[in-house]
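What the coordinates show
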Amino acid sequence: KGASTSSAVARPPVAGPARPPAAASSIPSSSAIDLTEGTRETPRKRSRADDVETRVAKARSLCVSELDARAHELMEEPFRDFLAKKIDGAEIERRREAAREQAAKEHPTLSALDKAFAAYTAATAAAEQAAAAKREAAEATLEAALRALEIKGEAGPSGVKA
């Protein structure tokens, strides 16, 4: 028979996933969606702020078991009062929240972290307000300069207003 040993069925070439040509895309690459549009914060500043907040949250989470243990100690008497029906559910809830707050205040490392983060947050807010005020003043100056030139531009080619 002398035929080759390959199969008689022709196989199509293997290709990757079909992609539409760039020109056929319904969204041009220059008009990608900007989720930060309208914000004045740069991506670097935003990521730095997110990084700080993430680090603070992680640091706070390291103290959870210690806070829980201390809050549990502080709740022993209010819980006995609740079982003895000396206080109601709303009062035990208020005391539970107060116990958590007291436990957090008593934790020296967590207290230092909270104080430092509050100072950082206040400084960041003050800097943003100062930058906004500076930007608004510069914008007002720019607007005045533009108006002066735009009014001058309304004159005709001979310098006479139409």
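Residues numbered from 1 in each chain as written. Predicted model: local features only at pLDDT ≥ 70, side-chain atom pairs only at ≥ 80, totals over all residues. Heavy atoms only, no water.

What follows deals with the pattern of salt bridges. In the structure shown here, the tally under the stated rule is eight salt bridges. Notably, a salt bridge pairs Arg95 with Asp81, separated by 3.5 Å at the nearest N-O pair. Of the two residues, Arg95 is situated in helix 3 (residues 89-106) and Asp81 in helix 2 (residues 64-83); the sequence distance between them amounts to 14 residues. Asp81 sits in the buried class, given a relative accessible area of 16%. (Salt bridge = Lys/Arg side-chain N within 4 Å of Asp/Glu carboxyl O. Helix = DSSP H or I, 4+ residues; strand = E, 2+ residues; numbered from the N terminus. Buried < 20%, exposed > 50% of the residue type's maximum accessible area, 1.4 Å probe, protein only.)

This brings us to helix 2. Look at helix 2: 26 Å from first C-alpha to last across 20 residues, which is about the 28 Å you get at 1.5 Å a residue. Taken as a whole, helix 2 carries its principal kink of about 40 degrees at Glu76; the proline Pro78 stands between one and four residues after it. Turning to helix 2, its buried residues number three or more, namely Leu67, Ala71, Leu74, Met75, Pro78 and Asp81. Those residues of helix 2 that are buried lie in contact with helix 3 and helix 4 (108-153). Phi for Lys85, located one or two positions after helix 2, is positive at around 60 degrees. (Expected span 1.5 Å × (residues − 1). Bend = angle between axes of the 7 residues up to and from the residue. Contact = heavy atoms within 4.5 Å.)

What follows deals with the nonpolar core. Formed by Cys63, Leu67, Ala71, Leu74, Met75, Ile87, Ile92, Ala99, Ala103, Ala104 and Leu110, the largest nonpolar core amounts to 11 residues. Of all the elements in the fold, those that place two or more residues in this core are helix 2 and helix 3. (Core = buried A, V, L, I, M, F, W, Y, C linked by side-chain atoms within 4.5 Å.)

Quick look at a negative patch on the surface now. On the surface, a cluster of negative charge is contributed by Glu136, Glu139, Glu143, Glu150 and Glu154. Counting through the fold element by element, Glu136 comes out in helix 4. For Glu136, a relative accessible area of 54% translates into the label exposed. (Patch = residues over 30% accessible without salt bridge, like charges linked within 9 Å, V, L, I, M, F, W, Y side chains within 5 Å. Areas by Shrake-Rupley, 256 points an atom, 1.4 Å probe, with all protein chains shown as cover. Lys, Arg positive; Asp, Glu negative; His and termini not counted. Charge placed at Lys NZ, Arg CZ, Asp CG, Glu CD.)

Glancing now at the packing of helix 2 against helix 3. Where helix 2 contacts helix 3, the two axes come as close as 8 Å, and the packing angle between them is 150 degrees. Here helix 3 runs roughly antiparallel to helix 2, going by the angle between their axes. By crossing handedness, the relation of helix 2 to helix 3 is classed as right-handed. For the pair helix 2 and helix 3, the contacting residues are Leu67, Asp68, Arg70, Ala71, Leu74, Met75, Pro78, Phe79, Asp81 and Phe82 in the first and Gly89, Ile92, Arg95, Arg96, Ala99, Arg100, Gln102, Ala103, Ala104 and Glu106 in the second. When its residues are assigned to classes, the contact of helix 2 with helix 3 shows 11 nonpolar, two polar and seven charged. (Axes fitted to C-alpha atoms, helices over the stretch in contact; angles between N-to-C directions. Parallel < 35°, antiparallel > 145°, perpendicular 65-115°, else oblique. Left-handed = near helix turned anticlockwise from the far one by under 90°. Nonpolar A, V, L, I, M, F, W, Y, C, P; charged D, E, K, R; others polar.)

This part covers the packing of aromatic side chains. In total, this model carries two aromatic pairs according to the counting rule given. Seen from their ring centres, Phe117 and Tyr120 are 6.3 Å apart, and the 20 degrees between their planes marks the pair as stacked. Of the two residues, Phe117 and Tyr120 are both situated in helix 4; the distance of three residues between them amounts to about one turn of the helix. You can call Phe117 partly exposed: its relative accessible area is 25%. (Phe/Tyr/Trp six-rings, centres within 6.5 Å; stacked < 30°, edge-to-face > 60°.)

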